[in-house]
Amino acid sequence: MITGKLSDFCGLFIFPIFWSAIFHRSKPLVYILTGLLFVYWKSEYSSGLIEMVNTVFNIHRTVDLSDLIALPVLLLAWLYTKDSPKLLIDRSMFSRLSAMFVGLVAFFSFCATSQERYVQFFDQPQFVLLSGSATLDSNSNYGLELYKKDSLLVVKVNELGISKPVINDDFNKNKSVEELDKNVLELISGNLSLVPSGTVTALSISTPEGTDSLRFNGGRLDGRFSRTKNGKIILEGFYKMGLEDATWTSRDSTNNHVVVQTFVNGERTSIKQFDGKKLISSKGINTRLDTIRIKYIHAGILVLCVVGIIVMLVRNFRSTAPHQLKVKTIWKWLFCFVSPLFVWLIYFGIQLLLMDYNSYIFAMLASIIFIAIATFPIMVIVVFLIKLRKEIDVLFYCLLLGLLCSIWTTYGTILQLSA
């Protein structure tokens, strides 16, 4: 509540000042448009635009009209800049490109906001058992269904808000399930308490999906689960303290199409589909340990590519010494400024190949900015101190930096997954 409002006040203060510095002749229009766009962004009317953008990039905002209390700060920003001196940018190409880069960083800062809340969905049914009674509040208990059983309350958990996961896999789902009964207890208001561990409770409830036979140890599912509809078992499996275990079987209404999933400590290891008794498809699923192992392989391949490119650059350097590539100074500077874009494109392509692409727009903007900050000074050293030897070296250096960025990202992912 506090930090969100502070963000709105600070943003509305500096945003029109920033654009007034660029369009100093249209200062009144800048302030008017800033106020109108802020109201539009915070209202439901911008939902259509956001949904359209989300087809390409994931952006997030919360509709909260109370944020409009920050609008008066526009007057303070106007008074702050009313008598301030005008600063002009030098007309040299270096100064103008530098100003554009600073502007890009500033624009990214305006976009910074709270991390999007992710939703953990459960492929297999998830229930918790609580003692006491409560009433369903659609605002606070979104994703929960309550079923009263004497002095007990069965809560069906369809989804749960979580922080952004490194990878949305079964291991991450298991983390969400670890203390599911305690988390659900915090979400529901009422005279409720946890069921002591070791208390075994077996019961059946009717849900829109069918009649579920449940077995609880304390407040957690533990033992056989089955779902019956129209007198036929359509889903059955086993839980071990809330985690799926062993074999889970789901059937359609005719019992012809059968899906068999194998779990080990809550993580899927295989999925098989049958048409009658005929196997029609089978695939293995990576566990978290499998994913970490694959990431190490990715890192190893990237390191080998880096070594190969360094060898090629050293060979070109030695074979052409003491000669160097003749390039005008203006083209050297242009290459230094443009090369971060090519490095990012190479990095982006590698992330796509490794299936590590992050569609979150702020993460993409951050990668562009950080790569530009790191690449530009390195390219200045390469072009003006080390010197280019062959035309192909331009590509080699961009590839080298793109690979190094990918190794850094992969290493960070391995650390997060291992944690």
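Thresholds, definitions, all that
Residues numbered from 1 in each chain as written. Predicted model: local features only at pLDDT ≥ 70, side-chain atom pairs only at ≥ 80, totals over all residues. Heavy atoms only, no water. Helix = DSSP H or I, 4+ residues; strand = E, 2+ residues; numbered from the N terminus. Buried < 20%, exposed > 50% of the residue type's maximum accessible area, 1.4 Å probe, protein only. Contact = heavy atoms within 4.5 Å. Areas by Shrake-Rupley, 256 points an atom, 1.4 Å probe, with all protein chains shown as cover. Pairing = 2+ DSSP bridges. Patch = residues over 30% accessible without salt bridge, like charges linked within 9 Å, V, L, I, M, F, W, Y side chains within 5 Å. Salt bridge = Lys/Arg side-chain N within 4 Å of Asp/Glu carboxyl O. Phe/Tyr/Trp six-rings, centres within 6.5 Å; stacked < 30°, edge-to-face > 60°. Axes fitted to C-alpha atoms, helices over the stretch in contact; angles between N-to-C directions. Left-handed = near helix turned anticlockwise from the far one by under 90°. Nonpolar A, V, L, I, M, F, W, Y, C, P; charged D, E, K, R; others polar.

A. Broad picture of the overall build of the protein. Of the regular secondary structure elements, the protein holds 11 helices and 15 strands. Within the span of the protein, comprising 419 residues, buried residues form 38% of the whole. In the protein, 57% of the contacts between residues at least 6 apart in sequence involve partners at least 24 apart. Carbon and sulfur atoms make up 64% of the accessible area of the protein, which amounts to about 24700 Å² in all.

B. Expanded view of the pairing of strand E10 (residues 223-229). Across three bridges, strand E8 (residues 210-217) lies against E10 in antiparallel orientation. Residue pairing in the sheet places Ser213 in a bridge with Ser226 of E10. Examined bridge by bridge, E10 and strand E11 (residues 232-240) share seven bridges and lie antiparallel to one another. Bridge assignment links Arg227 to a residue of E11, and that residue is Leu235. A loop of two residues connects E10 with E11, the two strands running antiparallel in sequence, and Asn230 in this loop sits at a positive phi of about 55 degrees.

C. How the structure looks around a nonpolar patch on the surface. Together, Leu29, Ile32, Leu33, Leu36, Leu37, Tyr40, Tyr45, Leu49 and Met52 line one region of the surface with nonpolar side chains, adding up to about 970 Å² of accessible area. Secondary structure elements with two or more residues in the nonpolar patch: helix H2 (27-42) and helix H3 (47-53). Mapped onto the fold, Tyr45 is located in the loop between H2 and H3.

D. Seen up close, the packing of aromatic side chains. One pass over the full model with this rule turns up 10 aromatic pairs. When the ring of Phe225 is compared with that of Tyr239, the centres are 6.0 Å apart and the planes differ by 85 degrees; the resulting orientation is edge-to-face. Separated by 14 residues along the polypeptide, Phe225 in strand E10 and Tyr239 in strand E11 bring together distant segments of the chain. For Phe225, a relative accessible area of 1% puts it in the buried group. A relative accessible area of 5% places Tyr239 in the buried class. Each residue in the set Phe15, Phe18 and Trp19 is aromatic and connected to the rest through ring pairs, giving one cluster.

E. Spatial organisation of the pattern of salt bridges. Evaluation of the coordinates by the stated rule reveals 14 salt bridges. In this structure, Asp245 engages Lys240 in a salt bridge whose closest nitrogen and oxygen atoms are separated by 3.8 Å. Here Lys240 falls in the partly exposed class, since its relative accessible area comes to 46%. Where salt bridges share partners, they join Asp8, Lys42 and Asp67 into one cluster.

F. Structural context of unusual backbone geometry. The phi dihedral of Asp150 falls on the positive side, at around 55 degrees, and the residue is not glycine. Checked against the element boundaries, Asp150 lands in the loop between strand E3 (144-149) and strand E4 (152-157). Phi at Asn265 takes a positive value of approximately 55 degrees, unusual for a residue other than glycine.

G. Quick peek at the environment of Ile69. Examined against the element boundaries, Ile69 turns out to sit in the loop between H3 and helix H4 (73-81). In the structure, Ile69 is positioned 61 residues away from Asp8 in sequence and 9.0 Å away in space, judged by C-alpha atoms. In this structure, Ile69 is in contact with Lys5 and Phe9, ignoring residues within four places of it in sequence.

H. Examining the packing of helix H1 (residues 2-22) against H2 more closely. Put simply, H1 and H2 touch, their axes get as near as 9 Å, and they point 145 degrees apart. As for how H1 packs across H2, the hand of that crossing is right-handed. On H2, the residues touching Asp8, Leu12, Phe15, Pro16, Ile17, Trp19 and Ser20 of H1 are Lys27, Val30, Tyr31, Thr34, Phe38 and Lys42. Broken down by class, the residue content of the contact of H1 with H2 amounts to eight nonpolar, two polar and three charged.

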